[in-house]
Structures are given as C-alpha cells and as structure tokens.
Amino acid sequence: MLGEDRVIPQVCVSLTQRTPGDVIGNDIPPPENTQQFGSFSGSNQLYPQRSFAESRENMCGVPPVAVDQVVEPQFGDVFGCQIEQYHEVDNEANNEHVDDLENVDEERTQIQTQGRHVQGVSCTVPNMPGTSEVRHNITVSDSDNTITWVIPGADSYSFGIGRSSTLATQEPTCMIYKGQFFPSKKDLKRLVGLFSMRENFEWKVKRSNKTTLHLVCIIDNCTWKLRAVRRDEGTYFQVRSFVNQHSCPLEEVHRRHRQASAVIIGEVIAPRLQQHDGRLMRPKDIIAYMKTMYDIQVMYSKAHDALQYALSLTYGTHEESFKLLPSFAYVLEQQNPGTITDLQCADDDTFLYFFMSLGSSIRGFRRCMRPVIAVDGTHLKGRFGGTMFVATAQDGNEQVYPIAFGYGDSENNLSWEWFLECLRGALGHIDDLVFISDRHASIEAGISKVFPYATHTICCWHFGENMKKRFHRKDVADIMDSAARTYSEFNYNRHMEELHRLHKGAFEYAIAAGPHKWSRVHCPQRRYRLMTTNVAECINSCLKFARQLPMMTLAEFIRNMLQKWFHDRHAAARSMRHQLTDAAHLVILKRVEKCNYMTVNPVDWNIFSVKLKGNQWTVNLHSKTCTCNKFQMDHFPCSHALAAARERNLDYTSLCADYYKRETLIDAYSVPIMPVGHPSSWAVPSDIASRVVLNPKSKRQSGRPMEGRHASSSERTTTQSCRRCGQSGHNSRRCSNPPMVNEGPSISVPDEYRRKCSICHSIGHNKQTCPEKDSTVE
C-alpha cells in the first residue's frame, strides 16, 4: 500500500496482544510474567477500545491524566502484567509528493478556513449572502478554555464497519485457563456459556456470591468444575481452579441449551450479522444457524432479542449515536478540510436535522462536474424512522458522484428548505445550475426559494410512471418519453402530435406540467445526458442495509463508502489509456461507426454539410454546433461532428468538453477522504463534547416494518398460485382448501408424468379409491 502511486501515504496502525494458541480448552497456565485477560468481545485486551488512562484508573485506582500528560506504563504496573511500550511512528520519510499531484496538499490547506457556527458545530463555508456570522474553526491548541474530554460512551461504541462495508468474520474467543482474569462475574459467565455451547454440555451454579463463583457440570458426579474468586483490588474475578475433563457421557444432545441466552447468541452471530449478499441476518436465519452449528433449538422471540443485542453490540445503540453526533461532526471537519456539517436541535435538545458534505466532494463538484444535481429522499428504517436527503451528480465516466447527505423527520417544506439551504452554503453560487427531482411539491418550493437562479426539472421516468398510473396506458408514456429525450424541435412536435391523437387527456397533462421541466429541447439550461434521477436512486440502493443503522453509524458508513470510491476511482482513472474517460471513449467509438455511411461536403474551413439517407445537417467546428443540437446541448461531439472532424484530420478529443477528459476525472478524485478513527481516540473541545442531543420525538409505527418498497403500476407483479388447489394468494404449505380434482383434459401435464394407480394402472385415482380394489382382494 505504501508503494502505491498516490498522494502522501497515511497509515493507521493498531497493536494487539498475541494470544498463545496452546492453552485453549485446558488448564495449562500462561507463560511466566504474563497474564491473559479474557474478553468476550473477541479481544484479549483488558479494556478493549479504551484509553490507557481510563484502564489505569479502573484497575489501580489512579486518576486519569490529561491527553498531553499521559504517563508511560511501566513493566509490572498492572497486577504484575508485562505491557509493551508504544512508540510513535515517524512518517516524515514518507512525506513525498507525487509529480502530477504536487499541489494537492497546498490546495487542501487553502480551502476555506472560515465559516459559520451552527449550534456548537463549526462549518467551513465561504462567506456569502444568507449565511450567519463567521468565525475561525475551534482547535485544541488555539483555545485556552477548551479542554480535551473523554467523550462519555465513546469507549463502548462500535462502528462495526470493516473492509468493503462488511463485517469481519472473526468469532469471539472462548479461552479459559487457570489464573485468567475477567472484569466482572457477568463477563466470566458469558465466556463459560459460550464455551459450554461449543463443547456441547451444560453447567449449573453450585455457589455464587459477591466474592466467589463455583460452577459444576449439570450431570451429577461429573468431574468438570470451575471456581473463580474476586480479587481484593477491585471487581475482577480470577479463575483459581479449572478442571476441563468430563466423566459424564457427552453424546447427549442438548436441544434447548440452558446457557444459550439471547446475549450469548447475540455474541455468536455478531461477526456474521451482515451476510455475503449484503442482507441483514433475520431471526429465522439465526434459528437455522444455531441449529446447524450447535444443534440447539432457539425460539423466535429469543432469536429476535439476540438480533437486537447483536445490532447494538456491533453498530452501537441509537441513543449513544445521537450523543456522539456533535463530536463526530467536529472530528470529521478536522480530518477532512472543507467539510460542511450542520446539526439542528429543538429547544428541548431533541434531534431535528443533520447535514454532511465532505470537502473532497465539494471541491470535485465545483471543479470537475457538470452543473446538474439530482436530489431525492428515502426513508430510514431505524428505530426512530426519518428521511435521508441525497444530492448527487455524475462524473465524466458516468459514475455516481455524491455531494451531500441530510437527515430529517420527513419530506416536508421545512426539511427540504433546510437541506437546500445547507447545500447552497456548501456549494455557493454556480452558474447554469440545474436540479433534477421527482414531482414532490416540497422540492419544487424549496428550490424556487433557495436557488431562484437555478433551473428545476423533473425526472422523465417518474413523469412517465405518473402518466401510466393516471391514464392506465403504457403507449402514451413511451411517446412522452421519446418527446422528452429528443434533441430536435421537429421531432418533439411530431411526438406531441401523435400523443394528442392517441389520448387528448395525456397530451393536456404533459402540457400542464410544463415542457420546460421535462423536455430537453425546451429546458432553459443544459441537462446534458441526465434525464432521470438514477444517480440519486443508486445511492439509496447502496445504503439499503445502512439505512437501518444508528445515525452516527450511518454517517460513518457513508464516509467509509466514499473513501473507498475515491480511492478506487482515482486509481482507475490513472490507469486509463485514452485522453477521454472510458465511458466517453465508448460513446465516441459507437458514433464513429456511423461516420462511414455519411457524406461530408465542406462549406469553408470550419463549416460542413453532412448528409445521410436524405437528411442533411450543418456542422460548425469552430463554434462546436450542429443542427441536430446534440453537439451544443451535451458539449460532446455527435456523429456528424465526428465525420466533419475526420474530413479535416482533427483529433476528436479537442471537440469534447473538459468534463469528459481523463485529467479532469483524476482531479475530481485526487483529494482522498480521511477516516475519523474510533470515538475513544477523538480529541474534542469540551463545549462540543458536552453538548446534549436527545432522541427525536418521532418514532416508527408499531408492527413489522415493510422490507421492500411499493411497486409502481408499471412494474410486473408475480401472482403466487398454490399447486395443490390452483388458487392464487398462497402456497401449498399454507393451503387449507381441498385439492383440485384431476379431470383429464384440463390437466396440461403429459400422461407419462402423471401418477397412476398401482392396481389398475389408470390415471385419475390411486389404489385407495380404485374401483377394482374389491375384486382384486377377492
């Protein structure tokens, strides 16, 4: 990774204590001068995801120290444990710039350093009319009265995001040996419960009090036992005696294991909570997994509780997520310069809105993207519901380029107006800006108020679906779509005349909606090749799993996804062999094939007359126009322009706008997106870390939520039919109707494949109802 052709390499290194593999499941003591501390969360560290200062206070009674005054641990400092010293890694030798990106870091430092402050979260946006007061970003070094806090709840919070937005497959450790330490009795019982499930035996408590825990096998007179005693220094329990040998037969299968609680099962399924297909594990999947792996029968209610516990263990709880949201926004801005965040709360400190736009996305859109933005909203599937707002664009390689994300209660006028105001503060003024959305009234009202200089258009696909639902005809929607996508006024009029002839009501409906909103020809600004909101719908599809996560985990999921996208797309852009992007180069190749059948007649050095099958077009290479209007509307050469360029031996890349070039695509993804780290390592000022953000008042409706979306009228809906009775609406497992009678000709199954009577070998009955049964018996 260090040798990859990128900007300055930045590596995150974490150190963990190695676990000896020869002491699992027996009573062999660990090596001398070392003690392994069991942890049911899958780590052998004493305090996983905690700072050394906090661990020192809990173990030895030493008060915590400031971040800049951390005392280095000494050997034998904690119960005689040998702790390795940590040294900082000097990365100065790696700070070498890449030749073609030597100005990237300078540009990142020159991004706006002043901005507005919204309820304790700093925003770095350029000064412009309509924004609030301006101040410098708060840092720990330049503020005397801001102290770095240990954020409450940060040590136990988990993002749960691994490589490629999937979880690790490592299971919790179940190591037990004599002399082992546990933070509490509860942790000890959890680990022993998991150990007994894997070894297929049950245990019971022989003695349990504040200082002692004595466990024996559930079978009487069995030699297996474990005894742990609390140490005098604190709440830690140490295993004093452990006999891991059974004198009872272990062949007995424990169908309903008494130690298989919801907590234990949640610990087991947490590493594989997200399956390979990206779908979240369901209670029935948990039941099948426990039956297959442990041969344990689990009730549905227990599987549901185990799933909820695994979600909170892996991704944190919703309550903790809202508390850490201000600190997350602050650290995100510090790690990614130019990032804009906005957190709005009500008077009673309940959550209202949250906005996030990464600095790399803002920079890339302003410099390298076509000024067309698709906005859309989608439902959140978490505990408190809500709506996620998305603003996306499309790069020159026809890839989705996310710009901003917002979270609110629902799609109403206030929420959309707030989101668009934040988007305007992040992007500033952009000439010839075009918005594409569905026909939601709140979106249209918000754009006309916040972006009065921009052009609002509607998605052709959504508009066609509305016509199908309204008039119950697919042909009128297809004609309208053809009229919307054409580049010629002549073809537009021809399609509209045909629409008027087929259905007058559909024609009046299209005219009332405004041709300037859905027609490419009548749009005041360039829509380029973007006629739908597919780029926004793709983001909603990518976040289908993450939309049920807590708020801060969802934001980190998005940041992690964009981090991977920027890295992979930057590497792919640098490996392109053509001056244009791969998608633009393929379009050029398809249009060049049509040039072989065209006749080109020069008018002067720049103007040409191109003919094909009785049609004629005029191309001006100097002004980059063509009478077909594709050249000037898309800033991309049409087939007629390519034929004229071949006549003058011109390079076709000179006719393309910079949006479609390889260098522009590299520049769009040149600034990487930096990680924020674990919440326990954040250095946040006290005024932000102490800010209170409570859960929103809105809650999800009762009952099981709908997993999929409502299908539109034009989408095919498959009707389920029962193969037992032939009726629709259920299957054979849930059928309570009598089976259908075989009447011979009405059955389409060939006779050789149908069931026959074993007595008379006839079709239509069996041996129980055979009329020759009695004669055969006689």
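Structural data are supplied above this passage.
In this report, the structure presented in the accompanying data block is examined. What you see is a predicted model; the values in this text were computed from it and never measured.

On to the overall build of the chain. What the chain contains, in helices and strands, is 23 helices and 19 strands. Each of the 778 residues in the chain was classed as buried or not, and the buried ones make up 46%. Considering only intrachain contacts with a sequence separation of at least 6, the fraction spanning at least 24 residues in the chain is 63%. Per element, the accessible surface of the chain, about 40,800 Å² overall, is 48% carbon and sulfur.

Looking now at the packing of helix 9 (residues 413-427) against helix 10 (residues 441-450). Packing of helix 9 against helix 10 brings their axes to within 9 Å, and their N-to-C directions diverge by 40 degrees. Regarding the angle of helix 9 to helix 10, the classification is oblique. Crossing handedness for the pair helix 9 and helix 10: right-handed. Taking contact as the criterion, the partners of Asn413, Trp416, Glu417, Leu420, Glu421 and Arg424 in helix 9 are, on helix 10, Ser442, Ile443, Gly446, Ile447, Lys449 and Val450. For the contact of helix 9 with helix 10, the residue count by class is five nonpolar, three polar and four charged.

Strand order across the open sheet formed by seven strands is 9-10-13-12-11-14-15, with mixed pairing between neighbours. Each edge of the open sheet carries a strand with a single partner, namely strand 9 (340-345) and strand 15 (455-458). When the angles between neighbouring strand axes are averaged without regard to direction, this sheet yields 20 degrees. As judged from the six bridges shared by strand 9 and strand 10 (residues 351-357), these two strands associate in the antiparallel manner. Its bridge partner being in strand 10, Gln344 is matched across the sheet by Tyr353. Here helix 8 (residues 359-368) sits on the sheet in contact with strand 9, strand 10, strand 11 (372-379), strand 12 (387-394) and strand 13 (400-408), set at roughly 130 degrees to strand 13. Across the face of the sheet, helix 16 (residues 534-542) comes into contact with strand 11, strand 12 and strand 13 while running at roughly 130 degrees to strand 12.

Mapped onto the elements of the fold, Arg648 is located in the loop between helix 20 (639-647) and helix 21 (662-668). In this view, Arg648 contacts Pro602, Asp604, Trp605 and Phe608; residues no more than four positions away in its chain are not counted.

Two aromatic rings, taken as a pair, are described by how far apart their centres are and by the angle between their planes. All told, the structure shown has 26 aromatic pairs when counted by the stated rule. Relative to Phe242, the ring of Trp224 has its centre 6.1 Å away and its plane inclined at 90 degrees; by these criteria the two rings are edge-to-face. Note that Trp224 is positioned in the loop between strand 6 (212-217) and strand 7 (225-230) and Phe242 in strand 8 (residues 237-243), a separation of 18 residues in sequence. Note on Phe322 and Phe351: the rings are 5.1 Å apart at their centroids and 50 degrees apart in plane angle, and the pair reads as tilted. On the criterion of sequence distance, the pair formed by Phe322 in helix 7 (residues 318-335) and Phe351 in strand 10 is long-range, its members being 29 residues apart. Judged on exposure class, the residue Phe322 and its partner Phe351 are both buried.

For the rest of this paragraph, the subject is helix 5 (residues 283-294). For helix 5, which comprises 12 residues, the first-to-last C-alpha distance of 16 Å matches the rise-based estimate of 16 Å (1.5 Å per residue) to within 8%. Among the residues making up helix 5, those that are buried are Pro283, Asp285, Ile286, Tyr289, Met290 and Tyr294. End-on, the buried residues of helix 5 take up no more than an arc of 150 degrees, which puts them together on one face. Turned more than 90 degrees away from the buried face of helix 5 sit Lys284 and Thr292, all of them exposed. In this fold, the buried residues of helix 5 make contact with helix 3 (185-199), helix 4 (262-269) and helix 6 (300-315). Immediately downstream of helix 5, the backbone of Asp295 shows phi near 55 degrees, a positive value.

This part covers the sheet that holds strand 5 (residues 203-208). Backbone-to-backbone hydrogen bonds join strands into a sheet, with any given pair of strands oriented parallel or antiparallel. Pairing is antiparallel in the open sheet, where five strands are placed in the order 4-8-7-6-5. Whereas interior strands pair on both sides, the edge strands pair on one side only; in this sheet they are strand 4 (181-182) and strand 5. With two bridges connecting them, strand 4 and strand 8 associate as antiparallel partners. Bridged to Phe181 within strand 8 is Gln238.

The next point concerns helix 14 (residues 504-513). Listed as buried for helix 14 are Ala506, Tyr509, Ala510 and Ala513. The buried side chains of helix 14 occupy one side of the element, clustering within an arc of 95 degrees when seen end-on. Facing away from the buried side of helix 14 by more than 90 degrees, the exposed set consists of Lys504 and Ala512. Buried residues along helix 14 sit in contact with helix 11 (460-471), helix 12 (474-485), helix 13 (489-502) and helix 15 (515-518). With its phi angle positive at about 95 degrees, Gly514 sits one or two positions after the end of helix 14.

We now examine the pattern of salt bridges. Tallied over the full model, the rule gives 16 salt bridges. Residue Arg190 pairs with Glu267 through a salt bridge whose shortest N-O separation is 3.8 Å. Pair noted here: Arg190 is in helix 3 and Glu267 is in helix 4, with a separation of 77 residues, a long-range link. The same class applies to Arg190 as to Glu267, namely buried. Ionic pairing is found between Lys468 and Glu465, a salt bridge with its closest N-O pair at 3.4 Å. You can see Lys468 and its partner Glu465 sitting in helix 11, three residues apart, about one turn around the helix. Assessed through its relative accessible area of 9%, Glu465 is described here as buried. Salt bridges here are not isolated pairs; linked through shared partners, they connect Arg363, Arg367 and Asp667.

Attention shifts here to the environment of Asn336. Along the chain, Asn336 falls in the loop between helix 7 and strand 9. Once the C-alpha coordinates of Asn336 and Gly359 are considered, the two residues, 23 residues apart in sequence, prove to be 6.2 Å apart. The contact partners of Asn336, leaving out residues within four places of it in the chain, are Pro672, Ile673 and Met674.

Okay, the packing of helix 13 against helix 14 next. For the pair helix 13 and helix 14, the least separation of the axes is 5 Å and the interaxial angle reads 135 degrees. Viewed along their axes, helix 13 and helix 14 adopt a mutual orientation that is oblique. Taking contact as the criterion, the partners of Tyr492, Met496, Leu499, His500 and Leu502 in helix 13 are, on helix 14, Lys504, Ala506, Phe507, Ala510 and Ile511. Per-class residue counts for the contact of helix 13 with helix 14 are eight nonpolar, one polar and one charged.

Grouped together as the largest cluster of nonpolar side chains are 106 residues, with contacts concentrated most on Phe365 and Tyr407. When residues in this core are grouped by element, the largest group, 11 residues, is from helix 17 (residues 551-574).

Next up on the list: the pairing of strand 11. With seven of its eight residues buried, strand 11 lies for the most part within the structure. Alignment of strand 11 against strand 14 (residues 434-437), held across three bridges, turns out to be parallel. Within strand 14, the position partnered with Ile373 by the bridge is Phe435. Where strand 11 lies against strand 12, six bridges are found, and the strand directions are antiparallel. Bridge pairing links His379 to Thr387 in strand 12.

With respect to the helices, strands and loops of the structure, Ile759 is situated in the loop between helix 22 (686-689) and helix 23 (773-777). Looking at Ile759, the relative accessible area reads 29%, which means it is partly exposed. Between the alpha carbons of Ile759 and Glu772 there is a distance of 7.5 Å; along the sequence they are 13 residues apart.

Here is what the cut-offs are and how they apply
Per chain, residue numbering runs from 1 following the sequence as it is written. In keeping with the model being predicted, local features are shown solely for residues with a pLDDT of at least 70 and side-chain atom pairs are shown and tallied solely at 80 or more, while totals for entire chains, interfaces and linings include all residues. As a rule here, side-chain values come from all non-hydrogen atoms in the structure, and water together with hydrogens is ignored. Counting from the N terminus, the helices are the DSSP runs of H or I reaching at least four residues and the strands are the DSSP runs of E reaching at least two. Type-normalised accessible area, obtained with a 1.4 Å probe on protein chains alone, sets the label of each residue: buried when under 20%, exposed when over 50%, and partly exposed for intermediate values. Pairs of residues are marked as contacts when any of their non-hydrogen atoms sit within 4.5 Å. The Shrake-Rupley method, run with a 1.4 Å probe sphere, supplies the accessible areas, and residue values consider only the shown protein chains as cover. For every element, the axis is a line fit to its C-alpha atoms; helices are fit only across the contacting stretch, and the angle between N-to-C directions ranges from 0 to 180 degrees. The labels follow the angle: roughly parallel below 35 degrees, roughly antiparallel above 145, roughly perpendicular from 65 to 115, and oblique for the rest. Two helices that cross are described as forming a left-handed crossing if the nearer one is turned anticlockwise from the farther one by less than a right angle, and a right-handed crossing if clockwise. Gly falls in the polar group here, along with every residue not listed as nonpolar (Ala, Val, Leu, Ile, Met, Phe, Trp, Tyr, Cys, Pro) or charged (Asp, Glu, Lys, Arg). For two strands to pair, DSSP has to find at least two bridges joining them. Aromatic pairing here means that ring centres of Phe, Tyr or Trp (its six-membered ring) are within 6.5 Å. Orientation follows from the plane angle: under 30 degrees is stacked, over 60 is edge-to-face, and everything else is tilted. Expected helix span is given by 1.5 Å per residue-to-residue step, counting one fewer step than there are residues. The arc in question is formed by the directions pointing from the helix axis toward the C-beta atoms. Any Lys or Arg side-chain nitrogen found within 4 Å of a carboxyl oxygen on Asp or Glu counts as a salt bridge. Within this scheme, the nonpolar core is defined by two criteria: the residues are buried Ala, Val, Leu, Ile, Met, Phe, Trp, Tyr or Cys, and they are joined through side-chain atoms within 4.5 Å.

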